[in-house]
Amino acid sequence: MLLREVDYARPATVEEAISLLAKYEGARPLAGGQTIVNVMKARVAAPDVLVDLADLDELRTIGFSSDGLLEIGAMVTYTQLMGSSEVEVARPILAEVASTIADVQVRNRGTVGGNVCVSDPTNHLPPLLTTLGATFTIQGGSGERTVSAEEFFIGVYVTAVGEGELLTKIGVPPSSGSGDGFAGVTIGKHGTYIVNAAATISGDGARIALGCVGATPVRATAMEERLAGSDFSEESIRSAADGLGASLDPPSDVHGSSDFRRHLAEVSAVRAVSQAAERRTGA
Amino acid sequence: MMDAPARSRAISLEVNGEQIEMEVQARRLLVHFIRDDLGLTGTHVGCDTGNCGACTIHLDGEPVKSCMALAVQADGAKIRTVEGLAAEGELTPLQQAFNTHHALQCGYCTPGMLMSATALLERTPHPTEEEVRYALQGNLCRCTGYVNIVEAVIAVGGSA
Ligand SMILES: Cc1cc2nc3c(=O)[nH]c(=O)nc-3n(C[C@H](O)[C@H](O)[C@H](O)COP(=O)(O)OP(=O)(O)OC[C@H]3O[C@@H](n4cnc5c(N)ncnc54)[C@H](O)[C@@H]3O)c2cc1C
Ligand code: FES
Ligand code: FES
């Protein structure tokens, strides 16, 4: 397909990228291109300038901060996440979920930063990073700030990253004995989710977030409260999920009615919590 | 000096072992650069939405869908297309196996299948059926029902 004309720059440093984004109106970062190129084909968005982040090596690293947080650069690909020994040690669920996004080709190009910055309600990583208590570091002309998942995801395709800013890295606390689960129903194997749920169980209790039922990940706080002090038997998880669907207002589309999504939300939450409970080692 | 945004860019890349220098528009998709500018029409456009995998090529050794990349993003990269497989005019064992196992009917998906399967075999020389199916998940075939394709790839690896 012939795209609308666009300008292209490939800066060598994060500072250069930020100054390009600030200087040119209609400038947008280009990460893996696995969403934005399609969006440009459909002319849903028509950026005037693409600022390619490909050469920003500092955004491609996975490591640990001085206080032990797993730090994932925004340009880390799903394939890189799957092969990372740091991820395997600190939070293997990230690699496990990344390995089910689309297909090999998309995973070779698609990035963690792009996945959260599009804030597509059907994407895999937003609910997962919400339950993991991830933090998001945003850099702009006037410095750097770090926000929580609740502050980061604002709406469909809208995040806390403002004009002239870049998401540089995502921080994830290491699991330390907690258990993580992720479940849902897809369109075809490894296809787009109709509904998904992520769960984490630690000494502080359960954290559960649902995807595809709202503009941004929805925390199942009432279900979390019902699970306080739970033995996480199948029966108690099921009864805690009762009423979760009724509390939601999910969209209807060709893949599922609003009611069907309410039902799937309960099913997915039960599966994710059960998986998390099985995987706890220290809690 | 800072890289100023521009409508077009002089790119330099290696395609099937040959060094190429060319000025391309920023809006040019990599698949069109390969097909129309380089005349390598073995790489197909199926869906143009990132779903079918007919446009799969190797970018720095990794299979990617060339309808979802801009040609300018390939500046400095090494590309291999289906024409780069039988470079000496002799089919690779995988291409031969596709023939032997009737792994194609209309052939539209075949270049993409070959590129995905070649990448798999380079990393995992003796893949299981599960590994083959996982590696080919991004490649759709409307004709064969996949069974013969999977058999061909497994046969090259020699397991099963
Ligand atoms: C066939 C197909 C199926 C898919 N299925 C799924 C799926 O089921 N689940 C799923 O999660 N994803 C899916 N994806 C999407 C894929 O995961 C994309 O990789 C992802 O949504 C975007 O990442 P990207 O690196 O390609 O970003 P790009 O497309 O390059 O960018 C996306 C947006 O984010 C902005 N952006 C990117 N990086 C930054 C940054 N560091 N700072 C600020 N803004 C930034 C860009 O400006 C752009 O607006 C699918 C894609 C395809 C083609
Ligand atoms: S043409 Fe590229 S994935 Fe279908
Ligand atoms: S052989 Fe026809 S699409 Fe695969």
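Just so it is clear, the model here is predicted, and its values are computed rather than measured.

Another aspect to go through is the site of ligand 1. Around ligand 1, a shell composed of 32 residues is seen, among which R28, P29, Q34, Y78 and T111 of chain A lie nearest. Two or more chains meet at ligand 1, and those chains are chains A and B. Contact distances for ligand 1 include 2.9 Å between an oxygen atom and a backbone N or O atom of G32 of chain A. About the coverage of ligand 1: the protein hides 92% of its 970 Å² of free accessible area. For the shell around ligand 1, the secondary structure elements donating two or more residues are β2 (27-30), α2 (36-41), α7 (112-118) and β10 (166-172) of chain A. Taken together, the residues that form the shell around ligand 1 break down as 16 nonpolar, 15 polar and one charged.

With that settled, consider the packing of helix α11 (residues 234-241) of chain A against helix α12 (residues 258-279) of chain A. All names here are of chain A. At a minimum axis separation of 9 Å, α11 and α12 run at an interaxial angle of 145°. Both α11 and α12 take part in a crossing whose hand is right-handed. Along the contact surface, α11 presents I237, R238 and A241, while α12 presents E266, V270, V273 and S274. Looking at the contact of α11 with α12 residue by residue, the classes come out as four nonpolar, one polar and two charged.

Another point: the pattern of salt bridges. In this structure the tally under the stated criterion is 23 salt bridges over all chains. Here E234 of chain A makes a salt bridge to R238 of chain A, at a shortest N to O gap of 3.1 Å. Taken together, the residues E234 of chain A and R238 of chain A, both in helix α11 and four residues apart, mark about one turn of the helix. According to the relative accessible area criterion, R238 of chain A is partly exposed, its value standing at 48%. Taken together, the shared-partner salt bridges connect E5 and D7 of chain A together with R7 and R27 of chain B into one network.

Here A69 of chain B lies in the loop between β4 (62-65) and β5 (78-80). Taking the C-alpha atoms as reference points, A69 of chain B and R27 of chain B, separated by 42 residues in sequence, lie 9.8 Å from one another. Discounting chain neighbours no more than four positions away, the residues touching A69 of chain B are R109 of chain A together with L29 and L30 of chain B.

Take the domain arrangement of chain B next. Residue and element names in this part refer to chain B. Once the domains are mapped, chain B shows domain 1 (8-84) and domain 2 (93-157). Taking only C-alpha atoms into account, the centre of domain 1 sits 21 Å from that of domain 2. On the side of domain 2, 15 residues touch domain 1, which itself brings 18 residues to the contact. At the boundary of domain 1 with domain 2, total buried surface from both sides reaches about 1200 Å², with 56% on carbon and sulfur atoms. Applying the counting criterion to the domain 1 and domain 2 interface returns two salt bridges. Between E122 and R80 there is a salt bridge, with its nearest N and O atoms 2.5 Å apart. At the junction of domain 1 and domain 2, the tally comes to seven residue pairs in polar contact (both at pLDDT 80 or more). Put simply, the parts of the chain that give the side of domain 1 that touches domain 2 at least two residues each are β3 (56-59) and β4.

In this assembly, 38 residues from chain A lie in contact with 36 residues from chain B. On inspection of chain A and its partner chain B, the count reaches five salt bridges. Residues R27 of chain B and E5 of chain A are paired through a salt bridge, measuring 3.7 Å at the closest nitrogen-oxygen approach. Counting across the chain A and chain B interface gives 22 residue pairs in polar contact (both at pLDDT 80 or more).

Each value, and the rule that gives it
Residues numbered from 1 in each chain as written. Chains lettered and ligands numbered in written order. Predicted model: local features only at pLDDT ≥ 70, side-chain atom pairs only at ≥ 80, totals over all residues. Heavy atoms only, no water. Near = heavy atom within 4 Å. Polar contact = N/O pair within 3.5 Å; in protein donor to acceptor, adjacent residues only side chain to side chain. Areas by Shrake-Rupley, 256 points an atom, 1.4 Å probe, with all protein chains shown as cover. Helix = DSSP H or I, 4+ residues; strand = E, 2+ residues; numbered from the N terminus. Nonpolar A, V, L, I, M, F, W, Y, C, P; charged D, E, K, R; others polar. Axes fitted to C-alpha atoms, helices over the stretch in contact; angles between N-to-C directions. Left-handed = near helix turned anticlockwise from the far one by under 90°. Contact = heavy atoms within 4.5 Å. Salt bridge = Lys/Arg side-chain N within 4 Å of Asp/Glu carboxyl O. Buried < 20%, exposed > 50% of the residue type's maximum accessible area, 1.4 Å probe, protein only. Domains from an automatic or database assignment. Buried area = accessible area lost by both parts, 1.4 Å probe.

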